[in-house]
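Here's the letter readout for the chains.
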Amino acid sequence: MSTAGLLVIGDVVTDVVALHGGTALAHLAVGTDTAADIVLRPGGSGANTASWAAHLGADARILTRVGFDTGEWHAAELRRRGVRPHLRVDPERPTAVVIAMVDVTGERSMLTNRGAGGHIGVDDWDESLLDGVGHLHLSGYTLFAEPGLQLSRLALAEAARRGVTASVDPASTGFLRSFGAGRFVEETLSARLIVPNLDEARLLTGESSPERAAERLSLRYGAAAVKLGSRGALMARGGKLTARVPGLPAEVVDSTGAGDAFAAGLLTALLRGADDEAALDAGRRAGAEAVAAVGGRPRVAGSEVGTNQLYPLITN
């Protein structure tokens, strides 16, 4: 990879994060109240990856679609983190919203409304988006609605025509299963690097072993970096393992965005010419930093809002 810019195509989301308030949210009290700390954060897999990449020094850009309600806030939050946002505002739909319920272990369960993000399409594309870009990273969420699938095909084809390298993150086992694992692979083969977590790698290959799953994926894509959570990560190229790193000790507060941070660390390192082991190390360090705070992005002073501060943006 070159040292040129990184373009991410993916989602921007308003995250409503509910953390345990003395009771694990995995055990909600049905029909009554469960104590919780609830915060609002800017999120979205694609936006998180771009934000972490900019935080780590990359020239990061994002192509995304936001809603009429919170578009200005999201644009400001991306710029605050050093990302160059290319946002299309949907006049008819709200920005995507995810309600993430985080239990005492830091694990999360999510309710998702894709809103405007589910309607990003070829009308949002412009060939100039690849000017100065050395690598295109595609969030798998983009493929899971027909307009985004058409956009993904166009962007990957244009990247290949220009000699811009590409990678893809499968993003979600739930959506991936509905879309079809084989279909997903066929649609994204021009990306020469795939960055799945272990569950996604297993779903895409049918292999239970992370090593075998990585090797099989690398035979299809050329390279595969498989995220193993607290156990680290591994890389395979051309059917052979090339690097492996263990996990780093971390106090897990919220696992939201850890995989996005890993992808950003990995890609930023590869863009700078790092070898596979150094790139995996950069990914795990970013992931460890991500799980130590609430929300899916690097912390920036003044960016964290409560419900009262955001309320006027979503009601005016």
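For the structure given in this document, a descriptive report is provided here. (Residues numbered from 1 in each chain as written. Predicted model: local features only at pLDDT ≥ 70, side-chain atom pairs only at ≥ 80, totals over all residues. Heavy atoms only, no water.)

**Examining the environment of Ala 145**
Within the secondary structure layout, Ala 145 lies in the loop between strand E8 (133-139) and helix H3 (146-162). In sequence terms Ala 145 and Phe 179 are 34 residues apart; their C-alpha atoms lie 9.0 Å from each other. With residues near it in sequence (within four places) discarded, Ala 145 still touches Arg 114 and Gly 118. (Helix = DSSP H or I, 4+ residues; strand = E, 2+ residues; numbered from the N terminus. Contact = heavy atoms within 4.5 Å.)

**A few points about helix H1 (residues 45-55)**
Across the 11 residues that make up H1, a large majority, 10, are buried. Of the residues one or two after H1, Gly 57 is the one with positive phi, at around 105 degrees. (Buried < 20%, exposed > 50% of the residue type's maximum accessible area, 1.4 Å probe, protein only.)

**Looking at empty space enclosed by the protein**
Tallied over the full model, the rule gives two cavities of 30 Å³ or more. In this structure, the second largest cavity encloses a volume near 50 Å³. Around the second largest cavity, the lining residues are Gly 10, Asp 11, Thr 64, Arg 65, Arg 114, Gly 117, Ile 120, Ser 139, Tyr 141 and Thr 142. (1 Å grid on protein atoms, 1.4 Å probe; cavity = no way out; pocket = protein on both sides within 12 Å on 5 of 7 lines; lining within 4 Å. Points joined across faces, edges and corners; volume = space filled by probe spheres on them.)

**Overview of the side chain of Glu 77**
With respect to the helices and strands, the residue Glu 77 is situated in helix H2 (residues 71-80). Polar side-chain contacts of Glu 77 include one of 3.4 Å to the side chain of Arg 80. Separated by 2.8 Å, the side chains of Glu 77 and Arg 81 make a polar contact. (Polar contact = N/O pair within 3.5 Å; in protein donor to acceptor, adjacent residues only side chain to side chain.)

**A closer look at the pattern of salt bridges**
Summed over the entire model, instances satisfying the criterion amount to 21 salt bridges. A salt bridge links Glu 215 to Arg 212; its shortest N-O distance comes to 3.0 Å. Placement of both Glu 215 and Arg 212 in helix H7 (residues 210-221) is noted, with a separation of three residues, approximately one turn of the helix. Exposure remark for Arg 212: the relative accessible area of 38% places this residue in the partly exposed category. Among the charged side chains, a salt-bridge network with shared partners connects Arg 65, Arg 88, Asp 90, Arg 93 and Asp 124. (Salt bridge = Lys/Arg side-chain N within 4 Å of Asp/Glu carboxyl O.)

**Remarks on the pairing of strand E5 (residues 84-90)**
As judged from the seven bridges shared by strand E4 (residues 60-67) and E5, these two strands associate in the parallel manner. Bridge assignment links Gly 67 to a residue of E5, and that residue is Asp 90. (Pairing = 2+ DSSP bridges.)

**Things to note about helix H9 (residues 276-291)**
Over its 16 residues, H9 extends 23 Å from the first C-alpha to the last, a length consistent with the 22 Å expected when each residue adds 1.5 Å. Within H9, burial applies to Asp 276, Ala 279, Leu 280, Gly 283, Arg 284, Ala 286, Gly 287, Ala 288, Ala 290 and Val 291. The secondary structure elements touched by the buried residues of H9 are H1, strand E11 (223-227), strand E12 (233-237), strand E13 (240-245) and helix H8 (258-271). (Expected span 1.5 Å × (residues − 1).)

**Description of the nonpolar core**
Ranked by internal contacts, the top residues of the largest apolar core, which has 41 residues, are Ile 9, Trp 125, Leu 136, Phe 184, Ile 194 and Leu 204. Looking at which element gives the most residues to this core, the answer is H3, with five residues. The contacts of Leu 136, once residues within four sequence positions are left out, are Leu 7, Ile 9, Ala 155, Leu 156, Ala 159, Val 164, Thr 165, Ala 166 and Ser 167. Ranked by size, the runner-up nonpolar core spans 35 residues in total, among them Leu 6, Ile 62, Phe 262 and Leu 270. (Core = buried A, V, L, I, M, F, W, Y, C linked by side-chain atoms within 4.5 Å.)

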